[in-house]
Structures are given as C-alpha cells and as structure tokens.
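Coordinate inspection notes
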Amino acid sequence: MSDKITKKLKLKVSAISEGTVIDHIPSENLFKVISILELDKTPNMITFGANLDSGKLDKKAIIKVSHQFFADDDINRIALIAPNAKLNIIKDYEVVEKKIVEVPDRVVGIVKCFNPKCITNNEPVTTSFKVIGKEPLALKCKYCEKITHEHQMVIK
Amino acid sequence: MKRDLISITDYSKEDYLRIMELAADFERNPNQRLLEGKVVASLFFEPSTRTRLSFETAINRLGGRIIGFTDSNSSSVTKGETLHDTIKMVSNYADLIVMRHPLEGSARYAAEVSTIPIINAGDGANQHPTQTLLDMYSIQKTQGRLDNINIFMVGDLKYGRTVHSLLMAMSEFENPIFNFIAPEELEMPEEYKIFLRDKGIRYFEHREFTDIISEADIVYMTRVQKERFSDPIEYEQVKNVYILRNSMLANTKPTMRILHPLPRVNEIHTDVDSSEKAYYFQQALNGMYTREAIIAHTLNLK
Ligand SMILES: [Zn+2]
C-alpha cells in the first residue's frame, strides 16, 4: 500500500498519543478481534473504523487503543482471523515499533473443533489445539485428536 | 503426578513392556488383593457389556470395590449433569475411574477435571487404549516377542481405531512390517502412512485378500461396517471380499495367529474357529489380565 493511502486512512481514525494501532484487520472480523483481545472490557479509550478502503483486502478495519500494549502471546491469538494484521506501537505520537502477527504453536479457545462428536462441542469446554500446519492451517484437537483444517475452521 | 491412560501414546515403550510383564504375572496368579480397601468407579456413560465385565472382573480379582453405573440412563447424567460435575463428584469418592463415554475427547477432559487417575475404556470413535494393550499382550504371548512382527491388518482400516492404535504402539518396537488389506474407501488414512514413512517403517497396501498372508505373524481382522459406506452397492461388493476362511490358512506360518477385537459379524468364517490359529477368544481373556496390569501400573501397586 502506498504512503498516500496510509495517510488518508490515518486521518479517518483519530491519532493517539500513546498505545497500539492494529491495522489491516478484515472488516468482517473486527468485532471478533475486539472480543479476543478483550477490548470490550478495557477501561482505556479505543477508537475503531471498519469498511475502510484498502489496496490489499476488500475492506479493512483498524483499531486504536490508548495506553495499552500487548504481549506477543496475546496478540498472536488474532492471527487466525486477522493473519495480515500489523501493529504500530505509538509513544508520544510517534511509531516506535512495528509488529506483525504470527500463528502461535497452540490455539486456546477462539476456534471450534470441526468434529460434532467432540466433547468441546457438547459441553462447556474451552477448545485447545496444537498447530500442526501453518500454511494452510491445521489444528489438532487436544481432546478428540481430530484435525481441523483451514477450510473447516469456524471462529467461536 | 497421577498417571492416566487416555491414548495409547500416553505410554512409553517402557510402560508397554511393564504392562506385558505385569499381565504375564496376573495370568500366572490372577487373584492378588492389591486393591484391598480401595474403591474403583466404573462409569459407563454408554453400555459396553464386554469391556465392562472385563474391567470389573479385573477389579474384583484384585480385591477392589466397585461403584458406578452401566449406562447413562441409570445415572444423574440423564438429569443433565455435565461430565465435569459427575467426574468432580466421583473423584471425591473413589481411588480410580474407569470410564467409557460416547463423546470423543471426553476421557482427556475428564482427566483434566479429576484429581484421581482415569483409565479410558473407550471415548466414542477416538481411543480405546486397553484394547491395544491386550492386543499387544496377545502378540507377545503367541509370538514370544514384540520386535520383528509382520502384521496384516484387514477390513476397515479407515475408521478402525484399534488398528490405528496398534500401529502406533507396534511402531515403538524393532523392525515391524505392516500389510494393509482394505477396499479403497476404507484404506489406511494418509497420516498413518506418513507416520510410518517418517519412521522408516515398511508397509504394503493390498486390495485383495488372497493367500498373500503366508508371511504373516499376525492377521488382525476388523469389521467392515455398513454405515461407513455412502453407497450401499459398494458395501455389498466389498463385504464378502474381506472374509477369512479356513481354506486360506493352508500356507500360513504354523505360529501365525488371528486376532479380532470382537464382536465379529461375518468377517471370520466360523470354519476358522476350530483352527489352532484362531486366537480371538483367548485374546478376549487376555484382556482381563492386561486390565489387571493396567490398574496395578496406574496406581503403582506393584
Ligand atoms: Zn475435538
């Protein structure tokens, strides 16, 4: 994406003095990202925009969270639904660090096991998967031991 | 840390060998009151008379007491209690839980919830590790070894959990050879073939069940179930192809033995039963000794 577009997008969502900007989220997953990162519970100021024009994705979303920084393990939890997300760490209105998300080795919660006979689909059990393939994604359920492939993935 | 048995791969090769040793000991002397004063919960959320009787006889021969239920209709489960709550309650009362449950992954989950060890007696189509250990004990007993075994697996190799677990366990031993005989729609899943290739273990695939079993040390038969087929005509075509008959045993090794997890339908013709190579009924009896061994190992009683 060109600098020009980036600048335009930045204008659409107000700047923050300190915190984290999460960019390049697929618009349809914006609220899932908010929920996974528990931003619906944060006392910090958040602003977000959805359906912003993007060169890459059809429509992208952006989230700005003031005074909050994320550990890599936490931020990687969104990798399954926002694989191209980019993070800008802002201090004093300046980007001091850029991060990309990475698919973690374990996925806890977030994804449903595809197996209807799995205990996790029948009782209130948090799902847990070992990531056995990253591209395409393949998740092995800790419980039923079946593999959920990328095309079968349903986000909880 | 408590020692659960949920999947066959929870055990190491040392564990397998220890179970073989203990099972032989219990076969020599089945009545050893090692569970005296202990309570074992036998929780059968779905009925399985064969497995339950084998476990409960093992517990009785070890002098233990049994609490539990034989199917979920006779338990609080029908009132909508979660597995979580049932296991929490029972682990307050007993020293060990043996459980069978129709949902896959239920045993692993129960092991997380429970403060006492869990032995998985079958969780849906997922795992049934005590069956695998009794299969191994039957191989050890009839062949005198677990190394250098040539196994022919016949029938439903796609959905048959017993063959998958046996494959994983036997791969821990020296130089196994696997021969898979199955129709295309029920062939061994790719992930197991990849596993064998990665370990450098030889395997061969066959469509036809003929006299190729002459090299076999073990012929492991499974049921071909009608409900596995989307097309009933395909089932009709294969159901009579994978039947073992006495006439097919003529050129087999004198030490070869036929195993089957039971119950069988028609895949082993009754004319095989009188052959000394038919081992499936003794195999079932071996289950009791093996389960005594597993219980003793789980609770560190010997
Ligand atoms: Zn599962």
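Residues numbered from 1 in each chain as written. Chains lettered and ligands numbered in written order. Predicted model: local features only at pLDDT ≥ 70, side-chain atom pairs only at ≥ 80, totals over all residues.

Chain B goes by Aspartate carbamoyltransferase in an unreviewed UniProt entry, where it is assigned to Mangrovibacterium marinum. In its Catalytic activity (unreviewed entry) section, the UniProt entry covering chain B states "carbamoyl phosphate + L-aspartate = N-carbamoyl-L-aspartate + phosphate + H(+)". Of chain B, the UniProt comment under Subunit (unreviewed entry) reads exactly: "Heterododecamer (2C3:3R2) of six catalytic PyrB chains organized as two trimers (C3), and six regulatory PyrI chains organized as three dimers (R2)." (UniProt positions renumbered as here; feature names shortened; annotations may be inferred.)

Labelled according to an unreviewed UniProt entry, chain A appears under the name Aspartate carbamoyltransferase regulatory chain, originating from Mangrovibacterium marinum. If you open the UniProt record of chain A and go to Sequence similarities (unreviewed entry), you find "Belongs to the PyrI family." Taken from UniProt, the Subunit (unreviewed entry) comment for chain A reads in full: "Contains catalytic and regulatory chains."

1. Examining the nonpolar core
Ranked by size, the top nonpolar core spans 119 residues in total, and within it Val33 and Ile78 of chain A together with Met153, Val219, Tyr220 and Ile258 of chain B carry the most contacts. In terms of residue count, helix H9 (residues 280-298) of chain B provides more of this core than any other element does, seven residues in total. (Core = buried A, V, L, I, M, F, W, Y, C linked by C-beta atoms within 7 Å. Buried ≥ 20, exposed ≤ 12 C-beta atoms within 10 Å, placed from the backbone. Helix = DSSP H or I, 4+ residues; strand = E, 2+ residues; numbered from the N terminus.)

2. A closer look at the confidence of the model for chain B
Any region with low pLDDT has predicted coordinates that should not be read closely. Here chain B averages 94 in pLDDT, while 98% of its residues score no lower than 70. Our summary of model confidence lists the complex with pTM equal to 0.88 and ipTM equal to 0.91. (pLDDT = per-residue confidence, 0-100.)

3. Focus on the UniProt feature "binding site: Zn(2+)" (unreviewed entry) in chain A
Here, the residues flagged by UniProt with the feature "binding site: Zn(2+)" (unreviewed entry) are Cys113, Cys118, Cys141 and Cys144 of chain A. In sequence the annotated residues extend across 32 residues, while in space they remain close, none of their C-alpha pairs exceeding 8.9 Å. Residue class for Cys113 of chain A comes out buried when judged on the 28 C-beta atoms lying within 10 Å of it. If we ignore the near neighbours within four places in the chain, the residues touching Cys113 of chain A are Cys118, Thr120, Asn121, Thr127, Cys141, Cys144, Lys146 and Thr148 of chain A. Its place among the elements puts Cys118 of chain A in the loop between strand S7 (111-112) and strand S8 (128-134). Ignoring any residue separated from it by four or fewer positions in sequence, one finds Cys118 of chain A in contact with Cys113, Cys141, Tyr143, Cys144 and Lys146 of chain A together with Leu103, Glu104 and Gly105 of chain B. (Contact = placed C-beta atoms within 7 Å.)

4. Focus: the interface of chain B and chain A
The partner chain A presents 13 residues to the twelve residues of chain B that form the contact. Elements with a contribution of two residues or more to the side of chain B that touches chain A: helix H3 (83-93) and helix H4 (106-113) of chain B. Take the side of chain B that touches chain A: its biggest share by element is three residues, from H4 of chain B. For the side of chain B that touches chain A, the residue count by class is three nonpolar, seven polar and two charged. (Nonpolar A, V, L, I, M, F, W, Y, C, P; charged D, E, K, R; others polar.)

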